[in-house]
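Letter by letter, the chains look like this.
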Amino acid sequence: MLRTKNNVQNSYEFVCIEDLVPKDHLVRKIDKYIDFSFIPKLVEPYYCENNGRPSIDPLVLFKMVFIGYLYGIRSERQLEREIQTNVAYRWFLGLGLADEVPDHSTISWNRRKRFNETTVFQDIFDEIVIQAETHRMVGGRVLFTDSTHLKANANKRKFTKETVKIETKEYLKDLNQAIEEDRTEHGKKPLKAKEEVIKEKEIKVSTTDPDSGYMYREGKPEGFFYLDHRTTDIKYNIVTDAHITAGNVHDSKPYIKRIERQIERFGFNVEAVALDAGYLTAPICKALQDKKIFTVIGHRRFQSVKGLFPKWKFKYDETLDFYVCPNGDQLTYSTTDRKGYRSYKSDPEKCKACSLLSKCTRSKTHQKVISRHVWESSKEWVRENRLSKSGKILYKKRKETVERSFADAKELHGLRYCRLRGRAKVEEQALLTAACQNMKKIANHLAKIG
């Protein structure tokens, strides 16, 4: 016999909220294995001691934020609604079934006012990494770094064009010294002091979010973006660094400083790093070689002029400092320019009669010229590392570590798009997303082994 049930729920039941939350629920694991006692002490300086209305417990406030990032709830208003109806969330926050959930505006006010322009979010991220270290989930010996684009909360058609000064590269002082030393070793006069020319370029600046950068890369979407530069550790893929720049900043620019920060902040003894081809620059190779860090960087092939020998066909003799062409003749040192490139030139008289001339150069003077950076030996050291057995194994790990971390952040935690505007606010989103990913890994791992 067909029966239907009356859906009116008006009965009173005596229940315990503890019994309503599944034993294996993620929030139970996080509550058990992550120590949040540092948060009240961390934010204490931002609250008045003896004036104003009693505040909402900051631990409840931040736990609400963590729920939003853990479950990819992108709206603070929606977060409030989800907590109202989710028993597990209420249990995690210490709220009873009849307790009022803090209003979403409280979260946004604290974010915009109380914790604006502070290091609170960076400090929370750092503390979670330190807890992972305590549980032996971070080794700090092998690190993987990459960047991913985050769509800015800005219309790509609303912009102005501005002329900005090109920033002086930080490694120029070391490069200039290397150039002068190289010229001295080769018996060349020091370069004359050159008046500094301020270089400028025209860029698109968003009228909605001026901190974002207009990005156009082959195979990538076009528009205003930020870049999330992220580093993960090889042991359990814990995120050890998250840093935001505008979308038009080159991947390699903040890299060395971010590695140095991790070494200083967490006491890492970095022995090896693996990076993609975007980081293959002479300054990065030189800096990492000086730090004695085994470096593996992906290779990007550049198409040589059709019909001519590629550069690798010319063998460099480091001891005697010259190149040998495919026909066995030498290209000798000529000079070192202001950009740090040495020039090696062939003998035009020999080249005229060479049977390989048409495959070597199309110069009217019949002279082949090869350039070599003063730090080229560091790039060659990186290439040798990449081709080694350990280098190949290490580079393959990238897709299982940092690339997987980005995929999870975008698919599960809402990091595909920027929720807010401004670099500092986007960095807050990146740091808290990474912190919640780390909490999840720590809690799941400890629950599994313990």
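One can find the structure itself at the top, above this paragraph.
First things first, this report covers the structure right here in the doc. (Residues numbered from 1 in each chain as written. Predicted model: local features only at pLDDT ≥ 70, side-chain atom pairs only at ≥ 80, totals over all residues. Heavy atoms only, no water.)

**Some thoughts on the packing of aromatic side chains**
Then comes step 1: Evaluated as defined, the whole model comprises 15 aromatic pairs.
Then comes step 2: Note on F159 and F224: the rings are 6.5 Å apart at their centroids and 55° apart in plane angle, and the pair reads as tilted. With F159 in strand β2 (residues 159-165) and F224 in strand β5 (residues 223-233), this residue pair connects regions lying 65 residues apart in the sequence.
Then comes step 3: Judged by relative accessible area, which is 29%, F159 ranks as partly exposed.
Then comes step 4: Residue F224 is classed as buried on the basis of its relative accessible area of 2%.
Then comes step 5: Arranged with centres 5.2 Å apart and planes meeting at 75°, the rings of Y323 and Y344 form a pair that is edge-to-face. Of this pair, Y323 sits in strand β10 (residues 322-324) while Y344 sits in strand β12 (residues 341-345), and the two are 21 residues apart along the sequence. Both residues of the pair, Y323 and Y344, count as buried.
Then comes step 6: Clustering of aromatic rings is evident, with ring pairs tying together F36, Y46, F62, F66, F92, F115 and F121. (Phe/Tyr/Trp six-rings, centres within 6.5 Å; stacked < 30°, edge-to-face > 60°. Helix = DSSP H or I, 4+ residues; strand = E, 2+ residues; numbered from the N terminus. Buried < 20%, exposed > 50% of the residue type's maximum accessible area, 1.4 Å probe, protein only.)

**Some thoughts on the pattern of salt bridges**
Then comes step 1: If you walk through the whole model with that rule in mind, you get 21 salt bridges.
Then comes step 2: The residue R230 makes a salt bridge to D228 at a minimum N-O spacing of 3.6 Å. Accessibility assignment for this pair places R230 and D228 in one class, buried.
Then comes step 3: Sharing partners across several salt bridges, the network here consists of D126, R261 and R265. (Salt bridge = Lys/Arg side-chain N within 4 Å of Asp/Glu carboxyl O.)

**Brief notes about the environment of P348**
Then comes step 1: With respect to the helices and strands, P348 occurs in helix α12 (residues 348-352).
Then comes step 2: Expressed as a C-alpha distance, the spacing of P348 and T365, which sit 17 residues apart in the sequence, is 6.7 Å.
Then comes step 3: Beyond its immediate sequence surroundings of up to four residues, P348 is in contact with T365, H366 and Q367. (Contact = heavy atoms within 4.5 Å.)

**Examining unusual backbone geometry**
The phi angle of most residues is negative, glycine excepted, and most peptide bonds adopt the trans form.
Then comes step 1: With a phi angle near 60°, R136 is a residue other than glycine that sits in the positive phi range.
Then comes step 2: With respect to the helices and strands, the residue R136 is situated in the loop between α8 (120-134) and β1 (142-151).
Then comes step 3: Phi angles above zero are rare outside glycine, and H366 is one such case at about 60°.
Then comes step 4: Looking at the secondary structure, you find H366 in the loop between α13 (357-360) and β13 (369-373).
Then comes step 5: Exposure remark for H366: the relative accessible area of 27% places this residue in the partly exposed category.

**A word on the sheet that holds strand β9 (residues 315-317)**
Then comes step 1: Reading across from one edge, β9-β10-β11-β12-β13 is the order of the five strands in this open sheet, with antiparallel pairing throughout. Since the sheet does not close on itself, it has two edges, and those belong to β9 and β13, each with one partner. Mean inter-strand twist for the sheet, computed between neighbouring axes without regard to direction, equals 35°.
Then comes step 2: Here three bridges tie β10 to strand β11 (residues 330-336), and the two strands are oriented antiparallel to one another. Pairing of V324 across the sheet is with Q330, part of β11. (Pairing = 2+ DSSP bridges. Axes fitted to C-alpha atoms, helices over the stretch in contact; angles between N-to-C directions.)

**What to know about a nonpolar patch on the surface**
Then comes step 1: Taken together, the side chains of V15, L20 and L97 make up a nonpolar region of the molecular surface, amounting to roughly 240 Å² of accessible area.
Then comes step 2: With respect to the helices, strands and loops of the structure, L20 is situated in helix α1 (residues 17-20). (Patch = residues over 30% accessible without salt bridge, like charges linked within 9 Å, V, L, I, M, F, W, Y side chains within 5 Å. Areas by Shrake-Rupley, 256 points an atom, 1.4 Å probe, with all protein chains shown as cover.)

**Details of helix α4 (residues 58-70)**
For an α-helix the count is 3.6 residues per turn, leaving residues at separations of three or four pointing the same way.
Then comes step 1: In a regular helix each residue adds 1.5 Å, so 13 residues correspond to 18 Å; α4 covers 18 Å between its end C-alpha atoms and thus fits that length.
Then comes step 2: The element α4 is largely enclosed, with a buried count of 12 among its 13 residues.
Then comes step 3: Burial in α4 covers these residues: P58, V60, L61, F62, K63, M64, V65, F66, I67, G68, Y69 and L70.
Then comes step 4: Measuring from the backbone nitrogen of L59 back to the side-chain oxygen at the start of α4 gives 3.0 Å, which picks out D57 as the cap.
Then comes step 5: G72 sits one or two positions beyond α4 and adopts a positive phi of about 65°. (Expected span 1.5 Å × (residues − 1). Polar contact = N/O pair within 3.5 Å; in protein donor to acceptor, adjacent residues only side chain to side chain.)

**Observations concerning the pairing of strand β7 (residues 272-275)**
Then comes step 1: Burial along β7 is two-sided: the face carrying A272 and A274 and the face carrying V273 and L275 are both buried.
Then comes step 2: Examined bridge by bridge, β7 and strand β8 (residues 294-297) share four bridges and lie parallel to one another. Note that in β8 the partner of V273 across the bridge is T295.

**Focus: the environment of D174**
Then comes step 1: Position of D174 relative to the elements: it lies in helix α9 (residues 172-185).
Then comes step 2: You can call D174 partly exposed: its relative accessible area is 48%.
Then comes step 3: In this structure, the C-alpha to C-alpha distance between D174 and P283, residues 109 residues apart in sequence, is 9.3 Å.

**Concerning a positive patch on the surface**
Then comes step 1: Taken together, the side chains of K169, K194, K199, K201, R338 and K339 make up a positively charged region of the molecular surface.
Then comes step 2: Mapping K169 onto the fold places it in the loop between β2 and α9. (Lys, Arg positive; Asp, Glu negative; His and termini not counted. Charge placed at Lys NZ, Arg CZ, Asp CG, Glu CD.)

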